[in-house]
Amino acid sequence: ESGYTLVTKGHLTVVAELGFQPFEYFEGNSTTPVGFDVDLITEIAKRLNLEVTYLPNQKFDTLVPTIKQGGKADVAIAGITITDERSQEVDFTTSYLDSNQSLVVKSGSTETEQTLNDASKKIVVQTGTSGEDWAKENLPNATIVSVDDVAAAMAGVQTGLYDAMVIDLPVASNLISTSYSDLTIAKEIPTGEQYGIAVSKDNPALTEAINKVLADMEKDGTMTALKTKWFGS
Ligand code: ARG
């Protein structure tokens, strides 16, 4: 025994916001989440001799509070950026991926970071994300509209309801190439973020066990293989 506690014995219970392609999302009408994070947490669970159980989809801004509160999920994995603020509420594993933000606009649009920082502009972001923080800080003159659903936000940029979206670059790239060919990345924003898995501060042995698996996966090439599968080489 490794000294950690689990919500349900034999299971690694996972909570996520499941609309964040290619990290966690539903393919077509499927009700089984897929994605880089799903593969990663499934491999971690397997190496800990646990079975993965996903809770029903939750809004992104409820994930850290759910882990902090305890009793419902063992981990949250959802492309979550490790921040000082969140680190006061939960523990994070070592980072498994580097990320940045991006500014998404309609193809052919001439908007720039400068022109978007104007009272007439509407910028959409996902509620509770680092993209929301970036927008509020760097586009103080614009109207920042926070929504829970990334697909609704992207659709709103398509229809002109919003002038731009601020969202994690790997998600923007993936969504544009798979489903929003009429949108484009106006700017890559080098925020230098790192994704980690959130675990309760009451469960340091679980964080430690996951960190050991992450280190093993880096060493044995599994992590590289996963990144190649989802992001290409
Ligand atoms: N990396 C960003 C953050 O941590 C966005 C994550 C959004 N994840 C999601 N599953 N919707 O704030």
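Preceding this section is the structure that the text describes.
My aim in this report is to walk through the structure given alongside it, one point at a time. Model, not experiment: these values are computed from the prediction.

**Thoughts on the overall build of the protein chain**
Summing up its helical and strand segments, the protein chain has nine helices and 10 strands in all. Taken against the 2.2 N^0.38 rule, which gives 17 Å for 233 residues, the C-alpha radius of gyration of the protein chain at 18 Å falls within 12% of a compact globule. With respect to the three principal axes, the spread of C-alpha positions in the protein chain is 60 × 35 × 30 Å. Within the protein chain, the proportion of its 233 residues that are buried is 48%. In the protein chain, of all internal contacts separated by at least 6 residues, the share reaching a separation of at least 24 is 72%. Taken as a whole, the protein chain presents about 10800 Å² of accessible surface, with 48% of it coming from carbon and sulfur. Mean positive and mean negative side-chain charge positions of the protein chain (17 and 33 charges, respectively) differ by 2 Å.

**Comments concerning the nonpolar core**
Residues Leu40, Ile44 and Tyr96 are the most contacted members of the largest nonpolar core, which totals 62 residues. With sequence-adjacent residues up to four places away left out, Leu40 is seen in contact with Ile77, Tyr96, Leu214, Met217, Met223 and Leu226. The next biggest cluster of nonpolar side chains, apart from the first, holds 12 residues, and it includes Leu103, Leu116, Ala135 and Ala142.

**Brief notes about the site of the ligand**
Around the ligand sit 14 residues in total, of which Glu17, Gly79, Arg86, Ser130 and Asp168 are the nearest. Ala78 has a polar backbone atom sitting 2.8 Å from a nitrogen atom of the ligand. A distance of 2.8 Å is found between a nitrogen atom of the ligand and a side-chain nitrogen or oxygen belonging to Gln126. Considering the ligand on its own, with 350 Å² of exposed area, one finds that the protein chains cover 100% of that surface. In the shell around the ligand, the residues fall into five nonpolar, five polar and four charged.

**Points about helix 7 (residues 169–178)**
Of all 10 residues that make up helix 7, seven are buried, and the element is covered over most of its length. Along helix 7, the residues that are buried comprise Leu169, Pro170, Val171, Ala172, Asn174, Leu175 and Ile176. Buried residues belonging to helix 7 abut strand 5 (97–106), helix 6 (150–159), strand 8 (164–168), strand 9 (183–195) and helix 9 (222–231).

**Comments concerning the side chain of Asp168**
Here Asp168 shows up in strand 8. There is a polar contact of 2.5 Å between the side chain of Asp168 and the side chain of Tyr195. Other than its neighbours up to four places away in sequence, Asp168 contacts Phe20, Gly79, Ser99, Asn100, Gln101, Ser102 and Tyr195.

**Section: the sheet that holds strand 1 (residues 11–15)**
Here we have five strands laid out as an open sheet, ordered 2-1-3-10-4, and mixed in their pairing. Across the chains shown, the open sheet's two edge strands, defined by having one partner strand only, are strand 2 (51–54) and strand 4 (91–92). Both strand 1 and strand 3 (residues 75–76) contribute to a ladder of two bridges, which runs parallel. Considered in strand 3, the bridge of Val15 is made with Ala76. Against the sheet, helix 1 (residues 36–47) touches strand 1, strand 2 and strand 3, its axis set at about 140° to strand 2.

**Thoughts on the sheet that holds strand 6 (residues 122–126)**
Judged by pairing direction, the sheet is mixed, and its five strands sit side by side in the order 7-6-8-5-9 without closing on themselves. Strands with a single pairing partner mark the edges of an open sheet, and in this sheet they are strand 7 (143–147) and strand 9. Across the sheet, the mean angle separating the axes of adjacent strands is 25° when strand polarity is ignored. Direction of pairing for strand 6 relative to strand 8: parallel, over a ladder of two bridges. Each bridged residue has a counterpart across the sheet, and for Val124 the counterpart in strand 8 is Met165.

**Digging into the packing of helix 1 against helix 8 (residues 204–220)**
With their axes 10 Å apart at the nearest point, helix 1 and helix 8 run at an angle of 110° to one another. Taken together, the axes of helix 1 and helix 8 are roughly perpendicular relative to one another. Residues Leu40, Glu43, Ile44 and Arg47 of helix 1 form the contact with helix 8, whose participating residues are Ile210, Val213, Leu214, Asp216, Met217 and Asp220. Its residues placed into classes, the contact of helix 1 with helix 8 shows six nonpolar, no polar and four charged.

Analysis parameters
- Residues numbered from 1 in each chain as written.
- Predicted model: local features only at pLDDT ≥ 70, side-chain atom pairs only at ≥ 80, totals over all residues.
- Heavy atoms only, no water.
- Helix = DSSP H or I, 4+ residues; strand = E, 2+ residues; numbered from the N terminus.
- Rg over C-alpha atoms; globule rule 2.2 N^0.38 Å.
- Buried < 20%, exposed > 50% of the residue type's maximum accessible area, 1.4 Å probe, protein only.
- Contact = heavy atoms within 4.5 Å.
- Areas by Shrake-Rupley, 256 points an atom, 1.4 Å probe, with all protein chains shown as cover.
- Lys, Arg positive; Asp, Glu negative; His and termini not counted.
- Charge placed at Lys NZ, Arg CZ, Asp CG, Glu CD.
- Core = buried A, V, L, I, M, F, W, Y, C linked by side-chain atoms within 4.5 Å.
- Near = heavy atom within 4 Å.
- Polar contact = N/O pair within 3.5 Å; in protein donor to acceptor, adjacent residues only side chain to side chain.
- Nonpolar A, V, L, I, M, F, W, Y, C, P; charged D, E, K, R; others polar.
- Pairing = 2+ DSSP bridges.
- Axes fitted to C-alpha atoms, helices over the stretch in contact; angles between N-to-C directions.
- Parallel < 35°, antiparallel > 145°, perpendicular 65-115°, else oblique.

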